[in-house]
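Spelled out from the first residue to the last, the chains are:
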Amino acid sequence: MNPSEEFLEQGISQQNLRKASCMTVATLAYQSLGVVYGDLSTSPLYVYKTTFSGKLSLHENDEEIYGVFSFIFWTFTLIALFKYTLIVMSADDNGEGGTFALYSLLCRHARLSILPNQQATDEKLSAYATHGSMETWQSSALKSFFEKHPRFRTGLFILVLLGTCMAIGDGVLTPTISVLSAVSGVRLKITALHENYVVLISCVIIVGLFSLQHHGTNRVAFMFAPIVAAWLLCISSIGIYNIFRWNPHIFRALSPVYMLKFLKRTGIEGWISLGGVVLSITGVETMFADLGHFSSLSIRVAFSFLVYPCLVLAYMGEAAFLSKHHEDIQRSFYKAIPEAVFWPVFIVATFAAVVGSQAVISATFSIINQCCALNCFPFVKIIHTSSKIYGQIYIPEVNWILMCLCLAVTIGLRDTNMMGHAYGLAVTTVMFVTTCLMALVILIVWKQRIAIAVAFLVIFGSMELLYISASVYKIPEGGWIPLALSFIFMAIMYIWNYGTTKKHEFDVENKVSMNRIVCLGPSLGMVRVPGIGLIYTNLVSGVPAVFGHFVTNLPAFHQVLVFVCVKSVQVPYISEKDRLMIGRVGPKEYCMFRCIVRYGYKDLQQENYDFENRLVSGIVQFVEAEEDTTLKTTFISACGREVGNMDIEKFDAQNQDHSFTNSKSSDILETKIRKGHGGGAPLKDESLQILRAKESGVAFILGHSYAKAKKSSSIVKKFAINVVYSFLSKNCREPDVVLNVPHTSLLEVGMIYHV
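A short tour of the structure in this document, coming up. Owing to the predicted nature of the structure, the values given are computational and were not obtained by experimental measurement.

On to the nonpolar core, then. Membership of the largest hydrophobic core comes to 166 residues, with the highest contact counts inside it found for Leu 33, Tyr 37, Tyr 48, Phe 76, Phe 303 and Tyr 334. Sequence-distant contacts of Tyr 334, that is, excluding residues within four places in its chain, are made with Leu 45, Ser 181, Ala 182, Gly 185, Leu 188, Phe 342, Phe 346 and Ala 349. In terms of nonpolar packing, the next biggest core, distinct from the first, is built from 31 residues, Ile 532, Leu 580, Cys 591 and Phe 593 among them.

Right, let's talk about unusual backbone geometry for a bit. You will see that Asn 94, though not glycine, has its phi angle at about 50 degrees, which is positive. According to the relative accessible area criterion, Asn 94 is partly exposed, its value standing at 40%. Even without a glycine there, the phi angle at Cys 591 is positive, about 55 degrees. Along the chain, Cys 591 falls in the loop between β5 (580-584) and β6 (592-600).

This paragraph deals with the pattern of salt bridges. With the rule as written, the count across this model stands at 10 salt bridges. Here Lys 83 and Glu 464 are joined by a salt bridge, their closest N and O atoms 2.5 Å apart. Highlighted residues: Lys 83 in helix α5 (residues 62-87) and Glu 464 in helix α19 (residues 450-472), separated in sequence by 381 residues. The class for Glu 464 is buried, based on a relative accessible area of 1%. Where Arg 108 meets Asp 93, a salt bridge forms, and the shortest distance between an N and an O atom there is 2.9 Å. In this pair, Arg 108 is assigned in helix α6 (residues 99-110) and Asp 93 in the loop between α5 and α6, connecting sequence segments 15 residues apart. Judged by relative accessible area, Asp 93 falls into the buried class, the value being 0%. One salt-bridge network, held together by shared partners, links Asp 122, Lys 567 and Arg 598.

This paragraph deals with the packing of aromatic side chains. Taken as a whole, this structure holds 29 aromatic pairs when the rule is applied. Here the aromatic rings of Phe 100 and Tyr 103 are separated by 6.4 Å at their centres, their planes lie at 70 degrees, and the arrangement is edge-to-face. With a gap of three residues between them, Phe 100 and Tyr 103 both fall in helix α6, about one helical turn apart. Phe 100 gets classed as buried once you look at its relative accessible area, which sits at 2%.

Turning our attention to helix α17 (residues 396-413). The terminal C-alpha atoms of α17 lie 26 Å apart, and with 18 residues this matches the ideal 26 Å at 1.5 Å per residue to within 8%. Of all the positions in α17, only Pro 396, Val 398, Asn 399, Leu 402, Met 403, Cys 406, Leu 407, Val 409, Thr 410 and Leu 413 are classed as buried. In the segment just after α17, Arg 414 is the residue with positive phi, at about 65 degrees.

We now examine the packing of α6 against helix α8 (residues 150-184). Close contact between α6 and α8 brings their axes to 9 Å; oriented N to C, the two are set at 160 degrees. Taken together, the axes of α6 and α8 lie roughly antiparallel to each other. You can see that α6 and α8 cross each other, and the crossing is left-handed. Contacts between α6 and α8 involve Thr 99, Phe 100 and Tyr 103 from the former and Leu 156, Phe 157, Val 160, Leu 161, Gly 163 and Thr 164 from the latter.

So, about the pairing of strand β8 (residues 698-708). Pairing between strand β3 (residues 527-537) and β8: four bridges, direction parallel. When the sheet's bridge partners are listed, Leu 534 is paired in β8 with Phe 700. Alignment of β8 against strand β9 (residues 746-754), held across nine bridges, turns out to be parallel. When the sheet's bridge partners are listed, Leu 702 is paired in β9 with Glu 748.

This next bit is on empty space enclosed by the protein. For the structure shown, the criterion picks out four cavities of 30 Å³ or more. Quantified by volume, the second largest cavity comes out at close to 110 Å³. Thr 99, Ala 167, Ala 289, Ala 363 and Ile 367 are, among the 15 residues lining the second largest cavity, the residues nearest its centre. Elements represented by at least two residues in the lining of the second largest cavity include exactly α6, α8, α13 (284-289) and α16 (342-373). For the lining of the second largest cavity, the element with the most residues is α16, which contributes five residues. Grouping the constituent residues of the lining of the second largest cavity by class yields six nonpolar, seven polar and two charged.

What counts and what doesn't
- Numbers given for residues are sequential positions, taken from 1 along each chain in its written order.
- In keeping with the model being predicted, local features are shown solely for residues with a pLDDT of at least 70 and side-chain atom pairs are shown and tallied solely at 80 or more, while totals for entire chains, interfaces and linings include all residues.
- Each side-chain value is derived from all of the structure's non-hydrogen atoms; neither hydrogens nor water enter the calculation.
- Here, nonpolar core refers to any group of buried Ala, Val, Leu, Ile, Met, Phe, Trp, Tyr and Cys residues whose side-chain atoms link them within 4.5 Å.
- We call a residue buried when its accessible area falls under 20% of the maximum for its residue type, exposed when it is over 50%, and partly exposed in between, using a 1.4 Å probe and counting protein chains only.
- It only takes one pair of heavy atoms within 4.5 Å for two residues to be counted as in contact.
- Working definition: helices are DSSP H or I runs of at least four residues, strands are E runs of at least two. Numbering for both runs from the N terminus.
- Here a salt bridge means any side-chain nitrogen of Lys or Arg lying within 4 Å of a carboxyl oxygen belonging to Asp or Glu.
- Here the aromatic set is Phe, Tyr and Trp, taking the six-membered ring for Trp, and pairing holds for ring centres within 6.5 Å; pairs whose planes are under 30 degrees apart are stacked, those over 60 apart are edge-to-face, and all others are tilted.
- Here the expected span of a helix is defined as 1.5 Å times the quantity of residues minus one.
- For helices, the fitted axis covers only the stretch in contact; all axes are lines through C-alpha atoms, and the angles between them, taken along N-to-C directions, range from 0 to 180 degrees.
- In these notes the angle categories are as follows: under 35 degrees is roughly parallel, over 145 is roughly antiparallel, 65 to 115 is roughly perpendicular, and the rest is oblique.
- Helix crossings are classified by the rotation of the near helix relative to the far one: an anticlockwise turn of less than a right angle makes the crossing left-handed, while a clockwise turn makes it right-handed.
- Any two strands with at least two DSSP bridges between them are considered paired.
- The pocket and cavity definitions rest on a 1 Å grid over protein atoms only: a 1.4 Å probe that fits but cannot leave marks a cavity, an open set with protein on both sides within 12 Å along at least five of seven lines marks a pocket, and residues lining either have an atom within 4 Å of a point.
- Grid points are joined across faces, edges and corners, and a volume is the space filled by probe spheres set on the points.
- Side-chain classes are defined by residue name, with Ala, Val, Leu, Ile, Met, Phe, Trp, Tyr, Cys and Pro counting as nonpolar, Asp, Glu, Lys and Arg as charged, and the others, Gly among them, as polar.

Dropping the structure here:
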């Protein structure tokens, strides 16, 4: 229930509702300071220092300083303000942002789905929502192109993985460069302090930061928001002071003419230095990635009215100071602070650097969660830390891996300039991937003219390619770090996705005919035992091979059999009333059902509530509705009479169209039972049989699959499947843990499938 509905239910007037809504936006905008904008607001610590770190230091005159500030201002304005705040954040997927959110939109509108078991009924979900403006010939042509050329679909998927992995790389580089840059300022006052102590202090702060993550984004945001607010006010005030004291004419540098003069005077050194300028917009991607933690309006309000003006004043003030102090270019930020307030600002800067890391850490958690749901990452433990804002999560394994990587980079590099080079490449790559996906969204989802999409791609893509080219030049000087990290994460994601896709294809190709199992029954001595058997499968139709393997080795199965398919749909969330889809498998006397449990890519795929009771009540409700609906009874009865001569899978496919969507099944079942005991219409015989079977016990049957590459496979494929995928499968969370299956009722059936 959203806040507006909650207030209306309490009978609050529309005027008070507007006030409450404004208060909600203001509260979320305040919280977003501590989570979303920490990284962006700490960029002044190292932007000028990194920009003038190379041969550009030989050109430290006013023209170059004016040019660098002009680049910073227009880059910040065009990319952060116009591209992200005004355009990209409008392309949210039901309130969710990030690279995978854009890809999810494209998958739904252009049939690019990477999830193999999607159904037509999924499109009826309210969150699926693909209707909109009329189809254009450009969008139709692009959809047809992707449908006819699977390689381009694969290429787009790899592009998405690249952007995602670079964003994860940000989660490693941001804490290192932010914290080390802040702590390094103390050496201006304590000159005898050795570099090793600065690194040690930075490592302690990083460990403390990651140790706080289990408290959740909500609590961390309230702790960190005052720090960021104080930091922004500090640097903007110092910026205003430096402007009026050192160079009131710095406003002239707002003219884009100074950018052209800068490139003309500095040549190749100026072009290379743009890898440092791009650090001024590090963190803008997290505005979009962290969208699910807050709301688009709250993030826009915070950026437009506080973050943007404060940072522009800070960069302008530092440029004004540098125009009169060329010799202090490598320590300009702390040198520009008035002596009287140095230590208070240093303390705030250190805390702000810690907060700056929170944005990408939260974004990394969101990204990994989406990857797990979309079969692109091994299952990990995901903890929801807020009952009010569902998108706020914590992933312990990822948290500690990030911490170890941050410590390794901090101890290994020690130099913020090298970190800046690595950071710039990661940031610009993510931005360019977002630009490419947005151009497709404009065409396919928004159905705008191709000229608009091309203009968006050319304007913003050309800027980002310019910065990427400058960052690529710095690969030997630290830029290799995000490339190495991205390659490792991309390999993991692609191999995991490939392995799970091949597993599903194996299950589809090896489906068992129910007719065959029934015919083999007498020869196997097959019997039905009391209780309910839940067989978990990836299939949304047909009988899985694991069931045939089970009855062949143990020729008995339960009185009531339910094939449970837990699957993800490419929408962020699915409401509880749409969670379960229940249908019948085979004729009525078999007492076999299928339950499809649907989740969105942001949902928590773990049944914390009593799943068995909800499932049984849903099946009983399906049976009661099936009996009470004349049209459906006629259909099922007709199929039941003919099923002896009909292919059972054909029957199953027909029955999918008449599946039952669970809606408050527990309440309805309870009401029905009370009616039966109170003299009203009692439950049907089959329903009572299901309830008695429930009392006898519920068994969970899971397939334990082992993947092996075929003997004819290449060495690369054998290594990917037999070594990497096998290692990931053994070390990720098992399906029974993800599904919260009680071990006392668990049966595992081992199977080997060759890919």
